[in-house]
Amino acid sequence: MDLSYIINELGEERERYFNAVAPPIIQSSNFANRTVAEMRHKMQHEAEEYLYSRGNNPTVTILEKKLAALEGAEDAIAFGSGMGAVAAAVLSQVKAGDHIICINHPYSWAKTLMRKFLPRFGVNLTMVAGDDIENFEVAIRPNTTLIYLESPTSFTFELQDLAAVAALAKQHGCSTIIDNSFASPLHQNPIEYGIDLVVHSCTKYIGGHSDVMGGVVCGSRENIYKIFKGEYMTLGAVMSPHDAWLFIRGLRTLPVRMERVAASTRKVVEYLARHPKVEQVLFPFLPAHPQYELAQRQMRNNSGQFSLLLRADKLAQADRFCDSLQHFLMAASWGGHESLVFPISATYASEEMKSDLPFNLVRFYIGLEDPDYLIRDLEQALAKM
Ligand SMILES: *Cc1c(COP(=O)(O)O)cnc(C)c1O
C-alpha cells in the first residue's frame, strides 16, 4: 500500500460528511439503535460495531486503520497513552505463573510494569542484554510466554536482531512484543520480521507537536480482537475522539517531519562525534557503532534520538553543559517540533526512578529547527563544560 494513500485517504469516507477534507470528531460516548434486533446484533459484534465509545468510535477507527496499515498489520487498537498500550499488550500475553524476558534499558514505566507490578500477580521477569541472541536462549524457561523488546532502546539505543528473536520465540511457543516508538512506523516495521505485537507511544512522533497523548497496539486480527474483548474493554484506557483527530492531523506530516529529523540528526551527530569533549555518541547509524550493520539491515533510516557520553569527571560538569544549552528544552519525552535534552542524572532524584546508567550520559532529541542553529548552541555549551 502506498504511504501517501495510507496517510491521505485510507479509512476516510469523505462523501459521508460533506466531502470535508478533515474528518469529523465524533464526540459521542453513545450510539443509538433503531430496533431491538439491531441492538442485539451490535452487542454480539461490538468489536466491529459502534455501540459505546469505550469500544469503538468512528474517529478513532480512522486512526487505527491508518496505523495498522503503516505497520503492515492486520489490525490496530488505540489507547489513551503509550503506557495504556504497553500494559494492555503485555497483560494480554501473560497469566499467573508465567515468565517474561525483557531487554535491559526499556522505557522506564514498561520496566516498572514488568519488574514491580506483574510479580504481584505471579508473573516473573528476566532482563537480558538484547544485543546477543544467546542471552535470550539462555533465559528461556518452560513457562516463558513473552519476549518484550524495544529497538532502539531508550537512552542507550541498543538494537535487537528482530528476525532472530522472533524465530527463537516461535520455536519455544512464546509471543513477542516490541515497543517501536523510537523508530516510528516509517523507519522500522517489526511484523515483517515475525514480531507479533507492535506498540507505539503516539504521543511522540505520530502526534509530533507535544500536545496530545496516546498509544497503539498493532498485530493480527486475532490478537487485537483478544485485546479488545479483554484489556481494552475491561481496563478502559481508551483514546478520545478529539485526540484521535489530532493524531490523524499529525500523520499528515509524519513523512516530511521524519525526513527532516533524520537528516538534521545525522548532521548534529557527525559534529558531536568529532568533538574532543565527547567520549562517545550512542547512535547505531554511525559506521563505528558495533550494531551499524544491523541498523542498516533492519531499519530504513535513523530517527532523532541519540545519547552522548561526555568527557566529564564530575557530575557538576555535565550539569553545567546541560544548563548552558539555550535552544534545547530540558525535558523528558521527544518526537515534537522542539529539540530536547534529558540528562540521565535527573533520574537519580529518587531510588524508584534511578537509572543504572552513568552520570555523563545525556540524551538528545533533534526536532525541526535548523541543525546549524542547534550545533552553535551545542558548541557554546561544550565550551562552558
Ligand atoms: C513515552 C514512551 C512510552 C510511553 O508513552 P506515553 O504516551 O507517555 O504513555 C513508551 N515507550 C517509549 C519508548 C516511550 O518513549
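Bear in mind that the values here come from a model prediction, so they are computed numbers and not experimental data. (Residues numbered from 1 in each chain as written. Predicted model: local features only at pLDDT ≥ 70, side-chain atom pairs only at ≥ 80, totals over all residues. Heavy atoms only, no water.)

1. Describing empty space enclosed by the protein
By rolling a water-sized probe across the atoms, one finds the places where empty space is left.
Here is step 1: Applying the stated criterion across every chain yields a total of two cavities of 30 Å³ or more.
Here is step 2: The space that makes up the largest cavity amounts to roughly 70 Å³.
Here is step 3: If you go around the largest cavity, the residues you meet are P152, F157, F182, F283, P284, F285, M299, N302, S303 and Q305.
Here is step 4: Looking at the lining of the largest cavity residue by residue, the class counts come to seven nonpolar, three polar and no charged.
Here is step 5: For the lining of the largest cavity, the domains that each give at least three residues are domain 1 (3–252) and domain 2 (254–384).
Here is step 6: In terms of lining residues, the second largest cavity is bounded by G207, H209, D211, V212, L246, R249 and G250. (1 Å grid on protein atoms, 1.4 Å probe; cavity = no way out; pocket = protein on both sides within 12 Å on 5 of 7 lines; lining within 4 Å. Points joined across faces, edges and corners; volume = space filled by probe spheres on them. Nonpolar A, V, L, I, M, F, W, Y, C, P; charged D, E, K, R; others polar. Domains from an automatic or database assignment.)

2. As for the site of the ligand
Here is step 1: Near the ligand there are 14 residues, and of these G82, M83, D179, T203 and K204 occur at the shortest range.
Here is step 2: Between S201 and the ligand, the recorded distance is 2.9 Å, taken from a side-chain N or O atom to an oxygen atom.
Here is step 3: Residue K204 places a side-chain N or O atom 2.7 Å away from an oxygen atom belonging to the ligand.
Here is step 4: For the ligand, whose accessible area on its own is 380 Å², the fraction buried by protein is 93%.
Here is step 5: For the ligand, the cavity whose grid points lie within 2 Å of the majority of its atoms is the largest pocket. (Near = heavy atom within 4 Å. Polar contact = N/O pair within 3.5 Å; in protein donor to acceptor, adjacent residues only side chain to side chain. Areas by Shrake-Rupley, 256 points an atom, 1.4 Å probe, with all protein chains shown as cover. Sits in = over half its atoms within 2 Å of the grid points.)

3. Thoughts on the domain arrangement of the protein
Accessible area lost upon the coming together of the parts is a frequently used measure of interface size.
Here is step 1: In terms of domains, the protein is made up of domain 1 (3–252) and domain 2 (254–384).
Here is step 2: Each of domain 1 and domain 2 has a C-alpha centre, and these two points are 27 Å apart.
Here is step 3: The interface is formed by 39 residues belonging to domain 1 together with 37 residues belonging to domain 2.
Here is step 4: Of the roughly 3300 Å² buried at the junction of domain 1 and domain 2 (both faces included), carbon and sulfur atoms supply 59%.
Here is step 5: Looking at the side of domain 1 facing domain 2, the largest losses of area belong to F155, H187 and Y205, adding up to 27% of the total buried there.
Here is step 6: Linking domain 1 with domain 2 are two salt bridges.
Here is step 7: Residue E192 pairs with R300 through a salt bridge whose shortest N-O separation is 3.4 Å.
Here is step 8: In this structure, the connection of domain 1 to domain 2 is made through 20 residue pairs in polar contact (both at pLDDT 80 or more).
Here is step 9: Residue assignment for the side of domain 1 that touches domain 2 shows that the elements contributing at least two residues are α1 (3–8), α5 (108–117), α8 (184–187) and α10 (241–252).
Here is step 10: No other element matches α8, which puts four residues into the side of domain 1 that touches domain 2.
Here is step 11: When its residues are assigned to classes, the side of domain 1 that touches domain 2 shows 16 nonpolar, 16 polar and seven charged. (Contact = heavy atoms within 4.5 Å. Buried area = accessible area lost by both parts, 1.4 Å probe. Salt bridge = Lys/Arg side-chain N within 4 Å of Asp/Glu carboxyl O. Helix = DSSP H or I, 4+ residues; strand = E, 2+ residues; numbered from the N terminus.)

4. Examining the pairing of strand β7 (residues 215–219)
Here is step 1: Judged by how many residues are buried, β7 sits mostly within the fold: five of five residues are covered.
Here is step 2: Taking every second residue as pointing to the same face, both faces of β7 are buried, with G215, V217 and G219 on one and V216 and C218 on the other.
Here is step 3: As paired elements, strand β1 (residues 75–79) and β7 share five bridges and run antiparallel to each other. Note that in β7 the partner of F79 across the bridge is G215.
Here is step 4: By the bridge criterion, four bridges tie strand β6 (residues 197–201) to β7 in an arrangement that is antiparallel. Looking at the pairing, H200 lines up with V216 of β7. (Buried < 20%, exposed > 50% of the residue type's maximum accessible area, 1.4 Å probe, protein only. Pairing = 2+ DSSP bridges.)

5. Brief notes about the layout of surface pockets
Here is step 1: As a volume, the largest pocket reaches approximately 830 Å³.
Here is step 2: Sort the elements by how many residues they give to the lining of the largest pocket and α5 lands first, with six residues.
Here is step 3: Here the lining of the largest pocket is composed, by residue class, of 16 nonpolar, 14 polar and eleven charged.
Here is step 4: A domain split of the lining of the largest pocket shows at least three residues from each of domain 1 (3–252) and domain 2 (254–384).
Here is step 5: Of the voids in this model, the second largest pocket is the one considered here, and its volume is about 470 Å³.
Here is step 6: No other element matches the five residues that helix α3 (residues 58–70) contributes to the lining of the second largest pocket.

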